[in-house]
Amino acid sequence: MINIQNYINGKFINSINNEVIENYNPATGEEIATIPRSSPKDIQNAVNACEKAKLSWSKLSISERSKWLDKIANELEKRFEDVSKLESIDTGKPISLARTVDATRSVSNFRFFANLAKNMKEKQFEMNDAMNNVINKPVGIAGLITPWNLPLYLLSWKVAPALVMGNCIIAKPSELTPMTANLLAEIIDDVGLPKGVFNLVHGYGNECGQAVVEHPEINLISFTGGTETGKIVAKTAAPMFKKISLELGGKNATIILKDTDIKSNIKNIAKSAFLNQGQVCLCGSRILVHESIYSSFLEELLKYVSTMKIGDPLNEDTQLGSLISCEHREKVESYIKLAIEEGGEVVLGGERPKLNEKFANGAFLEPTVIIGLNHNSRTATEEIFGPVVTIHKFNEIDDAINIANCTKYGLAASIWTQDTNLGESIAERLDTGMVWINCWLHRDLRVPFGGVKSSGLGREGGLYSLQFFSELQNICTMDNTN
Ligand code: NAD
């Protein structure tokens, strides 16, 4: 049990009102920490800290700032096992996943952006009589707001490019998963990053998060979270002309063409549906299968998913841990109930698993497969964000594309086929920001990441992140000498 504090101006401190919020391990129901319930006054202090630090941080060269990112990466790497354990305890995710995905990516995010920024070339456009130099300047103060499903992975994905481009930061992690953000603040303190450059403020979204978005001196908001929250963020930030990036929800289609080798791909297809208990924005929660292979696909999927081990997240063999909270499990269960009302049939799961006493209060839910739903039903078009997948048949490829495009979301999709040319031609017709063919969540950090429609605004990743976290300035110089 730890009492987490804010990290403002190089100091760990309580919120001004001294109020706290309890934080629980969702797999056991145990209280594991308290965090400050910060208010706009704490945000003001963080803004003051940024204001003081801003000038000297912005004057460093990109390669000097890259060195700071490398120092942070090295320390994070030393604490790899701490990151993995804290992430597992805080979110309920399997420790193996916390190691391979969360802890690994958090380190590589810092290394990747350090290296990319150092080698970034600023553009020049030569005219007959003048030279245009396009330079990247820091935006100023960056408000970074992140969700609970991949806590440090997503926070570091924003912190690294924001820092290297010379911004000062006010980070606001999810109130449900504060542990690794706090660990990052400890590391940043240990390596001696100039005070005020990175500030971490904990609290509720509608209080502390809202205060970040509303503050007139915070110039940029990078938000990852739900679509409904994204709307509030956009509505608040837009009239102030803040730079804004929104990475929101998804209802991603997995399209299985008739030539798919089901046996060799079923593990990856199941992973795309159930990784992190289905709590990844990219999870393929609607599987569209060609009718000629529907029965054999369903059989293989059910066979594989029924072998997935659910239970103690800290057990090395566990494949499915708990959901983020009992409240969230209730929301997911309400969709299973709705699916039945909408004419669906639950062919696997749908229940709370029977686990030993230690996990009796945990937010566990069996992986659930539902068939027989109309592709336009609410269950098949709304984001559930849990271990629930719906399966739909299609005959013509055009039908698959129409079904895939029929939700308000447009984040990602995957297509499974031996005919990669056909796969690519289908991909181009999908209204999503990302498509994987014969793979899923296969990430090259240089490529654009983000969605269209209600899945968000803007792109993260590689140079797209570096551009977002900087202001372009064109300097046109005409030589005045004879
Ligand atoms: P959420 O929207 O409830 O919360 C996200 C963050 O916003 C939290 O830190 C929260 O405290 C804060 N917040 C809440 N209200 C706010 C307000 N009025 N102003 C400012 N901040 C506020 O989302 P969640 O439940 O934490 O995360 C799950 C959602 O995130 C899912 O919809 C998922 O698809 C989405 N997500 C998207 C991506 C992506 O890259 N597109 C990645 C991960 C998660």
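Rules behind the numbers
Residues numbered from 1 in each chain as written. Predicted model: local features only at pLDDT ≥ 70, side-chain atom pairs only at ≥ 80, totals over all residues. Heavy atoms only, no water. Pairing = 2+ DSSP bridges. Helix = DSSP H or I, 4+ residues; strand = E, 2+ residues; numbered from the N terminus. Axes fitted to C-alpha atoms, helices over the stretch in contact; angles between N-to-C directions. Contact = heavy atoms within 4.5 Å. Buried < 20%, exposed > 50% of the residue type's maximum accessible area, 1.4 Å probe, protein only. Right-handed = clockwise from strand over helix to strand, strands pointing away. Salt bridge = Lys/Arg side-chain N within 4 Å of Asp/Glu carboxyl O.

A. Looking closely at the sheet that holds strand 14 (residues 284-290). Within the open sheet, the seven strands sit side by side as 15-16-17-14-13-19-20. Their pairing is mixed. Looking at which strands have only one partner, the edges of the open sheet turn out to be strand 15 (345-348) and strand 20 (434-437). This sheet shows a mean twist of 25° between the axes of neighbouring strands, independent of strand direction. Taken together, the three bridges between strand 15 and strand 16 (residues 368-371) define a ladder with antiparallel strand orientation. Its bridge partner lying in strand 16, Val 346 is registered against Ile 370. Along the sheet, helix 13 (residues 397-404) contacts strand 13 (252-256), strand 14 and strand 17 (388-394); its crossing angle with strand 14, the most-contacted strand, is approximately 165°. This element, helix 14 (residues 420-428), spans strand 19 (412-416) and strand 20 of the sheet and lies at about 165° to strand 20.

B. Quick look at the pairing of strand 19. With five of five residues buried, strand 19 is to be regarded as a mostly interior element. Alternating positions in strand 19 separate into two faces, Ala 412, Ser 414 and Trp 416 on one and Ala 413 and Ile 415 on the other, with burial throughout. One ladder, built from four bridges, connects strand 13 with strand 19; its direction is parallel. Counterpart to Ile 255 in the pairing with strand 19 is Ile 415. Relative to strand 20, strand 19 runs parallel, the two sharing four bridges. Across the sheet, Ala 412 pairs through a bridge with Met 434, a residue of strand 20. Once the chain exits strand 19 it traverses helix 14 before rejoining the sheet at strand 20, and the crossover so formed is right-handed.

C. Quick peek at the pattern of salt bridges. Going through the model one piece at a time under the given rule, you end up with 21 salt bridges. Measuring nitrogen to oxygen at the nearest pair gives 3.2 Å for the salt bridge that ties Glu 175 to Lys 172. Residue Glu 175 is classed as partly exposed on the basis of its relative accessible area of 22%. Of the residues examined, Lys 172 reaches a relative accessible area of 2% and is grouped as buried. Put simply, Glu 228 and Lys 231 hold a salt bridge, and the shortest N to O gap is 3.1 Å. In this pair, Glu 228 and Lys 231 are both assigned in helix 8 (residues 227-237), three residues apart and thus about one turn of the helix distant. Residue Glu 228 is classed as partly exposed on the basis of its relative accessible area, which comes to 48%. Connected through shared salt-bridge partners, Glu 19, Arg 37 and Glu 207 make up one network.

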